[in-house]
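Structural overview
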Amino acid sequence: MNRFLLVLFFCAAHLAYAQTLDDGLMMPKKDFCTGILVTHSQWNNYWEGTLKRDNQNVGTLSTTNITWLGNYGVNDKLNVIAMLPYVATKASQGTMSGMQGIQDLTIGGKYQVAKKEVGTNTLSVFGVGVFSTPLTNYTPDNLPMSIGLHSTTLSGRAIFNFATKQGWYANFSPAYVYRTNVTLDRNAYFTDGVQYYTNEVRMFDQFNYNVNFGFIKNGLQTEINFYQQDTLGGGDIRRQDVPFVSNRMNFSTIGVLVMYYLPKPKNLAVRFASTYTMDGRNVGQTFSVMGGLLYTIHFSKK
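Here the structure is a predicted model, which means the values were calculated and not measured.

Procedures and definitions
Residues numbered from 1 in each chain as written. Predicted model: local features only at pLDDT ≥ 70, side-chain atom pairs only at ≥ 80, totals over all residues. Heavy atoms only, no water. Helix = DSSP H or I, 4+ residues; strand = E, 2+ residues; numbered from the N terminus. Rg over C-alpha atoms; globule rule 2.2 N^0.38 Å. Areas by Shrake-Rupley, 256 points an atom, 1.4 Å probe, with all protein chains shown as cover. Lys, Arg positive; Asp, Glu negative; His and termini not counted. Charge placed at Lys NZ, Arg CZ, Asp CG, Glu CD. Pairing = 2+ DSSP bridges. Phe/Tyr/Trp six-rings, centres within 6.5 Å; stacked < 30°, edge-to-face > 60°. Lys NZ or Arg CZ within 6 Å of the ring centre and 35° of its normal. Salt bridge = Lys/Arg side-chain N within 4 Å of Asp/Glu carboxyl O. Buried < 20%, exposed > 50% of the residue type's maximum accessible area, 1.4 Å probe, protein only.

Bringing the overall build of the protein chain into the picture now. Of regular secondary structure, the protein chain possesses zero helices and 19 strands. Taken against the 2.2 N^0.38 rule, which gives 19 Å for 302 residues, the C-alpha radius of gyration of the protein chain at 20 Å falls within 12% of a compact globule. Its C-alpha atoms give the protein chain principal-axis dimensions of about 60 × 35 × 30 Å. Carbon and sulfur atoms form 59% of the exposed surface of the protein chain, whose accessible area is close to 13,700 Å². Computed over 25 positive and 18 negative side-chain charges, the separation of the two mean positions in the protein chain equals 12 Å.

Following this line, the structure appears as structure tokens:
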């Protein structure tokens, strides 16, 4: 899964990674930040291959995502991060029933590889390794109502962060995602012009990157961001057909983020983010809004 991302089909909000797995911020040693983020996203237009269209059999597809996350500072250079979402989908028209349930557990480690002072500014490089796997036996074969793609993933990410003394920062973070094959509850399927007599579906790997510009000072963080995902293979949605789990799902989004640590109660932060899908292929043109509360526990004496 992924930024938030984890990226569900037609739910292009890569929400949770924005705080943790692809930024240039580190949780201090023996600090633990945890909380709940709630995201609502929806679309009524989508790309069937590269053709943008709507579908009266779906209407507006809405997805609600409630995600628990935790970030622990093992030391000042290593953070361990975990996330677990509960996802529910719903269509406004047609006969397709919504689905809901616990999706994929994500565990990652972020390590600060290098840090160099450049005048009064700082240039940092991080390496990130992430593992995600489904925790429940949900089906990926009911898109766009499925709550996920049910593939176990391994990803490696690099983060290049430049920060000024005044609080401005810029971030570039590319990643490669390896995905395992998935199995269906049927023994044959047709995709990309070929009939397959097996229940195993090849899932092509993905490449993604994000670029962030922001300001962080005195407990306030504001940011604008851009995210791009490309799947390295797979077919398009067939004309007038439903999506398939191995379709080539590409998209680019823009987003904003605001996070603020409240004066009281101490260590409690509110977080808001929103993203919009500008372009895509075999995905919905999603608009999403996320809000949540995060609390930091200091296990070391200050």
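Here the narrative resumes, following the displayed structure.
As a further point, take the pairing of strand 7 (residues 104–118). Relative to strand 7, strand 5 (residues 78–91) runs antiparallel, the two being bridged by six bridges. Residue pairing across strands places asparagine 79 opposite lysine 110, the latter belonging to strand 7. With 14 bridges joining them, strand 7 and strand 8 (residues 121–134) adopt antiparallel strand pairing. Bridging from a neighbouring strand, valine 118 pairs with asparagine 121 of strand 8.

What follows concerns the packing of aromatic side chains. Under the defined criterion, the tally for this structure stands at ten aromatic pairs. Here the aromatic rings of tyrosine 189 and tyrosine 196 are separated by 5.1 Å at their centres, their planes lie at 20 degrees, and the arrangement is stacked. Across from the ring centre of phenylalanine 126, 5.8 Å away, lies the NZ or CZ of lysine 110, which sits over that ring.

This brings us to the pattern of salt bridges. Where charged atoms from two side chains of opposite charge approach closely, those side chains can pair. Applying the stated rule across the entire model yields six salt bridges. Across the pair aspartate 23 and lysine 110 runs a salt bridge whose closest N-O atoms are separated by 2.7 Å. Placement of aspartate 23 in the segment before strand 1 (31–43) and of lysine 110 in strand 7 is noted, with a sequence separation of 87 residues between them. Since its relative accessible area comes to 5%, aspartate 23 is described here as buried. The partner of arginine 238 in a salt bridge is aspartate 241, and the shortest N-O contact between them spans 2.9 Å. Take arginine 238: its relative accessible area is 42%, and that puts it in the partly exposed class. Through salt bridges with shared partners, a single network forms among Glu48, Arg53 and Arg239.

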